[in-house]
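# What the coordinates show
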Amino acid sequence: SQKIEQNSEALNIQEGKTATLTCNYTNYSPAYLQWYRQDPGRGPVFLLLIRENEKEKRKERLKVTFDTTLKQSLFHITASQPADSATYLCALGDNFNTFYFGSGTKLNVKP
Amino acid sequence: ETGVTQSPTHLIKTRGQQVTLRCSSQSGHNTVSWYQQALGQGPQFIFQYYREEENGRGNFPPRFSGLQFPNYSSELNVNALELDDSALYLCASSDRDRYNSPLHFGNGTRLTVT
């Protein structure tokens, strides 16, 4: 079955720096990959989607890369702010809108 | 646009009991997916309903079952509850007819089994 790995250790960075989160996967060929943000006690919120034939996507301060050869996606938040502190989840999707999630990485942005 | 709502928000049950969780999907969405999220873990896919039919299932036993109604709302039923069923249960709706439709999640039902 598919395996999706995200760094289980929290990422602590200083305000204004770029946060980079990693998502690696095996035993799966996703049609696309999505990133979600989850705050404590809340459901995940969709941030960005990237398709298998795309290398990079941007939205405001967010950037996602997708390397299907390495089976890896990187998620970047530039000029990070304390309000960006949350858990970030990557999700692999197939053509039937079924998604498989990683365990998430907690980001702490310190002022 | 009405978002995804789940009820109840919290629930405490005893081992061996049965539970029903409810989800109202976002308007315009025809697909509902259910996920189980243990503390500190990512959401685990339970199953998906598309236009009232089960359409995909994760690695969960048959005592996890569901329904989707004509208005696309959904129920998750769990029989013979076990202590390990304690988790946050998330419902997400989407429009499967629209390619790459993202999931829209509710805030979940926190189930505690004692």
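Residues numbered from 1 in each chain as written. Chains lettered and ligands numbered in written order. Predicted model: local features only at pLDDT ≥ 70, side-chain atom pairs only at ≥ 80, totals over all residues. Heavy atoms only, no water.

### A few points about the pairing of strand β11 (residues 109-113) of chain B
All names here are of chain B. Stated precisely, the cut-off is as follows: Burial classes follow relative accessibility: with a 1.4 Å probe on protein chains only, a residue under 20% of its type's maximum area counts as buried, one over 50% as exposed, and anything between as partly exposed. Counting from the N terminus, the helices are DSSP H or I runs at least four residues long and the strands are E runs at least two residues long. Pairing between two strands requires that DSSP report at least two bridges joining them.
In β11, alternate side chains face the same way, and those of Thr109, Leu111 and Val113 are buried while those of Arg110 and Thr112 on the opposite face are not. With four bridges joining them, strand β2 (residues 10-13) and β11 adopt parallel strand pairing. The residue bridging Ile12 from the neighbouring strand is Thr112, located in β11.

### Considerations on the sheet that holds strand β3 (residues 19-26) of chain A
Residue and element names in this part refer to chain A. Applied cut-off: Lines fitted to C-alpha atoms define the axes, with helix axes restricted to the stretch in contact, and inter-axis angles between N-to-C directions lie between 0 and 180 degrees.
Pairing within the open sheet is antiparallel, and its five strands lie in the order β1-β3-β8-β7-β6. Looking along the sheet, the strands with just one partner apiece sit at the ends: β1 (3-6) and β6 (56-59). Along the sheet, successive strands turn relative to each other by an average axial angle of 15°, direction set aside. Across four bridges, the pairing between β1 and β3 is antiparallel. When the sheet's bridge partners are listed, Lys3 is paired in β3 with Thr26.

### Some details on the state of the cysteines
For clarity, the threshold we go by: The term disulfide is used for any two cysteine sulfur atoms that are within 2.5 Å.
In this structure the tally under the stated criterion is two disulfides over all chains. Paired by a disulfide, Cys23 of chain A and Cys90 of chain A hold their sulfur atoms 2.0 Å apart. Taking the sign of the torsion about the S-S bond as the criterion, the disulfide between Cys23 of chain A and Cys90 of chain A, at about 60°, is right-handed. Note that Cys23 of chain A is positioned in strand β3 and Cys90 of chain A in strand β9 (residues 86-93), a separation of 67 residues in sequence. In terms of burial, Cys23 of chain A and Cys90 of chain A fall into one category: buried. Between the sulfur of Cys23 of chain B and that of Cys91 of chain B lies a disulfide, 1.8 Å long from S to S. Taking the torsion about the sulfur-sulfur bond, which here is approximately -55°, the covalent link between Cys23 of chain B and Cys91 of chain B counts as left-handed. Here Cys23 of chain B is found in strand β3 (residues 19-24), whereas its partner Cys91 of chain B is found in strand β9 (residues 87-94), with 68 residues between them in sequence. Comparing Cys23 of chain B with Cys91 of chain B shows no difference in burial state: the two are buried.

### A few points about the nonpolar core
For clarity, the cut-off: The nonpolar core is taken to be a set of buried Ala, Val, Leu, Ile, Met, Phe, Trp, Tyr and Cys residues, with the residues joined through side-chain atoms within 4.5 Å.
Judged by nonpolar contacts, the single largest core of 23 residues is most densely connected at Trp35, Phe75, Ile77, Tyr88 and Leu107 of chain A. Counting residues per element, the ones that place at least two in this core are β3, β4 (32-38), β5 (45-51), β7 (62-67), β8 (72-77), β9 and β11 (105-110) of chain A. Within the second largest apolar cluster, 20 residues are counted, among which are Cys23, Ile46, Ala87 and Cys91 of chain B.

### Remarks on the interface of chain A and chain B
Short version of the rule: Here a residue-residue contact requires only that any non-hydrogen atoms of the pair lie within 4.5 Å. By definition, the buried area sums, over both parts, the 1.4 Å-probe accessible area that each loses when the two are put together. Basic side-chain nitrogens of Lys or Arg form a salt bridge, by our definition, when they fall within 4 Å of a carboxyl oxygen of Asp or Glu. Polar contacts, as counted here, are pairs of nitrogen or oxygen atoms within 3.5 Å of one another; within protein the pair requires one atom able to donate a hydrogen and one able to accept it, and residues that are adjacent in sequence qualify only if both atoms are side-chain atoms.
Taken together, the contacts link 21 residues of chain A with 21 residues of chain B. Taken together, the two surfaces of chain A and chain B that pack against each other cover about 1700 Å², and 50% of this comes from carbon and sulfur. When the buried area of chain A at its contact with chain B is split by residue, Pro44, Asn97 and Phe101 of chain A rank highest and sum to 28% of it. Across the chain A-chain B interface, the total number found is zero salt bridges. Run the count over chain A and chain B and you get four residue pairs in polar contact (both at pLDDT 80 or more). Looking at the side of chain A that touches chain B, the elements with two or more residues in it are β4, β5 and β10 (99-101) of chain A.

### Looking at the environment of Ser74 of chain B
Residues and elements named next belong to chain B. Note on placement: Ser74 falls in strand β8 (residues 74-78). For the pair Ser74 and Cys23, spaced 51 residues apart in the sequence, the C-alpha separation amounts to 5.2 Å. In this structure Ser74 touches Leu21, Arg22, Cys23, Val32, Trp34, Leu67, Gln68 and Phe69, once residues within four positions along its chain are discounted. For Ser74, the side chain forms a polar contact with the main-chain oxygen of Leu67, separated by 2.8 Å.

### Side note on the pattern of salt bridges
By the definition in use, this model includes eleven salt bridges over all chains. A salt bridge links Glu82 of chain B to Arg63 of chain B; the nearest nitrogen and oxygen atoms lie 3.3 Å apart. Of this pair, Glu82 of chain B sits in the loop between β8 and β9 while Arg63 of chain B is found in the loop between β6 (53-57) and β7 (64-68), placing the two residues 19 residues apart along the sequence. On the basis of relative accessibility, which here comes to 39%, the residue Glu82 of chain B falls in the partly exposed class. Three or more residues are tied together by salt bridges with common partners; here these are Arg51, Glu54 and Lys57 of chain A.

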